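Observations on chain architecture
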Amino acid sequence: MDTINNTISPNYCTCSDVTCDGLPPRVVQLDLASRKLGGKGLSRSIPDSIFQLQNLSVLHLHYNKLFGPLNKGVGNLSNIVELDISNNEFSGTLPDIFGSLTRRQVFSGDSNRFTGLLPATLVNSPSLRILILNNNSLSGSINLNCSAMKNLTALGLSSNPFHGPILGNQSNCLRLESINLSSNHLNCWIPETFSTITIQLPGQD
């Protein structure tokens, strides 16, 4: 996969893990889940060539052995809609590069080793519908800007050392359907608008 460019040979489009569109053919979807990339002798980070696929809308890299910091090159994927890097060994802080991903609807990075705070551009994303970051080592407070994140339907931040109250204007998260905040150290206040939402809180593991 490290030889793929934004405009590629039609031969690549016959691969089961590649979806192409247009003429000349352009990669719009890569499904490399469960390929154990780190175990194949490839670089155990996301290949830089993937960040050149500016028409890419779906990137699945979950259940591999990718590790190290998440490359800031992810911010070049301006058309990405769904990004799943869960169940890898990524570590370090999440780069604050999500502001350029204006079409992003799904970001799943659970079961990695991310640390530090939630990036401001991640929790202020108008397009984001699903945010899953369970089972990491993210810390600090949870500050949701629901005035911006009006399309958020699912939030998973369980099993992180978050602490304190949930900050932000949660009452504006009108489309939220499920929240998992279990196994944290939160002092939770649940607004009345959350009364119909499926919620898992600390102490409900």
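Every chain is numbered independently, its residues counted from 1 as its sequence is written. Given that this is a predicted model, residues contribute local features only at a pLDDT of at least 70 and side-chain atom pairs are listed and counted only at 80 or more, while totals for whole chains, interfaces and linings are drawn from all residues. Note that water and hydrogens are dropped before the side-chain values are worked out from all heavy atoms of the structure.

With that out of the way, let us pick up the overall build of the protein. Only DSSP runs of H or I reaching four residues or more are called helices, and only runs of E reaching two or more are called strands; each is numbered from the N terminus. From N to C terminus, the protein includes 0 helices and 16 strands. Every one of the 205 residues in the protein was classed for burial, and the buried ones make up 47%. Expressed as a percentage of contacts within the protein between residues at least 6 apart in sequence, the contacts between residues at least 24 apart total 44%. Each accessible area value is a Shrake-Rupley result obtained with a 1.4 Å probe; residue values ignore everything except the protein chains displayed when judging cover. Per element, the accessible surface of the protein, about 9500 Å² overall, is 49% carbon and sulfur. Relative accessibility decides the category of a residue: with a 1.4 Å probe and only protein chains considered, values under 20% of the type maximum give buried, values over 50% give exposed, and everything between is partly exposed. Throughout, a residue-residue contact means that at least one pair of heavy atoms, one from each residue, lies within 4.5 Å.

The backbone phi angle of asparagine 87 is positive, close to 55 degrees, even though this residue is not glycine. Mapping asparagine 87 onto the fold places it in the loop between strand 5 (82–84) and strand 6 (89–93). Even without being glycine, serine 111 reaches a positive phi, approximately 60 degrees. Note that serine 111 resides in the loop between strand 7 (106–108) and strand 8 (113–116).

This next bit is on the side chain of serine 125. Note on placement: serine 125 falls in the loop between strand 8 and strand 9 (130–132). Classification of serine 125 as buried rests on a relative accessible area of 4%. Those residues in contact with serine 125 that lie beyond four places of it in its chain are Arg104, Ala148 and Met149.

With respect to the helices, strands and loops of the structure, leucine 66 is situated in the loop between strand 3 (58–60) and strand 4 (67–68). The exposure class of leucine 66 is buried, given its relative accessible area of 1%. In this structure the C-alpha to C-alpha distance between leucine 66 and asparagine 88, which are 22 residues apart in sequence, comes to 5.4 Å.

Before going further, it helps to spend a moment on the packing of aromatic side chains. Think of it this way: a Phe, Tyr or Trp ring, Trp meaning its six-membered ring, pairs with another when their centres are within 6.5 Å, and the plane angle makes it stacked under 30 degrees, edge-to-face over 60, tilted otherwise. On inspection of all chains with the given rule, the structure shows 2 aromatic pairs. Seen from their ring centres, phenylalanine 90 and phenylalanine 114 are 6.2 Å apart, and the 5 degrees between their planes marks the pair as stacked. Of this pair, phenylalanine 90 sits in strand 6 while phenylalanine 114 sits in strand 8; the two residues are 24 residues apart in sequence, bridging distant segments of the chain. The exposure class assigned to phenylalanine 90 is buried, which follows from its relative accessible area of 1%. By relative accessible area, phenylalanine 114 is classed as buried at 0%. Here the aromatic rings of phenylalanine 98 and phenylalanine 107 are separated by 5.2 Å at their centres, their planes lie at 50 degrees, and the arrangement is tilted. Side by side, phenylalanine 98 and phenylalanine 107 carry an identical accessibility label, which is buried.

The next point concerns the sheet that holds strand 4. Here the rule is simple: two strands pair whenever DSSP picks up at least two bridges between them. The sheet built from 4 strands is open, its strands ordered 4-6-8-10 with parallel pairing. Single-partner strands in this sheet number two, and they are strand 4 and strand 10 (137–138). Summarising the sheet, strand 4 and strand 6 pair through 2 bridges and their orientation is parallel. Pairing of phenylalanine 67 across the sheet is with glutamate 89, part of strand 6.

Mapped onto the fold, leucine 138 is located in strand 10. Separated by 22 residues in sequence, leucine 138 and glycine 116 have C-alpha atoms that sit 5.0 Å apart. Every residue in contact with leucine 138, bar those within four places of it in the chain, is listed here: Leu94, Phe114, Thr115, Gly116, Leu118, Leu133, Asn160, Pro161 and Phe162.

A score between 0 and 100, pLDDT records how confident the predictor is in each residue. Per-residue pLDDT for the protein averages 81, and the proportion of residues at 70 or more is 76%. The spread of mean pLDDT over the elements of the protein runs between strand 16 (residues 198–200), the lowest at 62, and strand 8, the highest at 98. The low-confidence segment residues 1–10 (pLDDT under 50) makes 29 contacts with residues lying over four places distant or belonging to another chain. Considering only residues more than four positions removed or in separate chains, one finds that residues 38–43, a stretch of pLDDT under 50, has 6 contacts.

Here the focus is the nonpolar core. Put simply, buried Ala, Val, Leu, Ile, Met, Phe, Trp, Tyr and Cys residues joined by side-chain atoms within 4.5 Å make one nonpolar core. The biggest cluster of nonpolar side chains holds 46 residues, and the ones touching the most others in it are Leu56, Leu59, Phe107 and Leu133. Where this core is concerned, the elements lending two or more residues are strand 2 (26–31), strand 11 (140–144) and strand 13 (162–168). Non-local contacts of leucine 133, meaning those with residues more than four positions away in its chain, are made with Leu94, Phe107, Gly109, Asp110, Leu118, Leu122, Leu138, Gly156, Leu157, Ser158 and Asn160.

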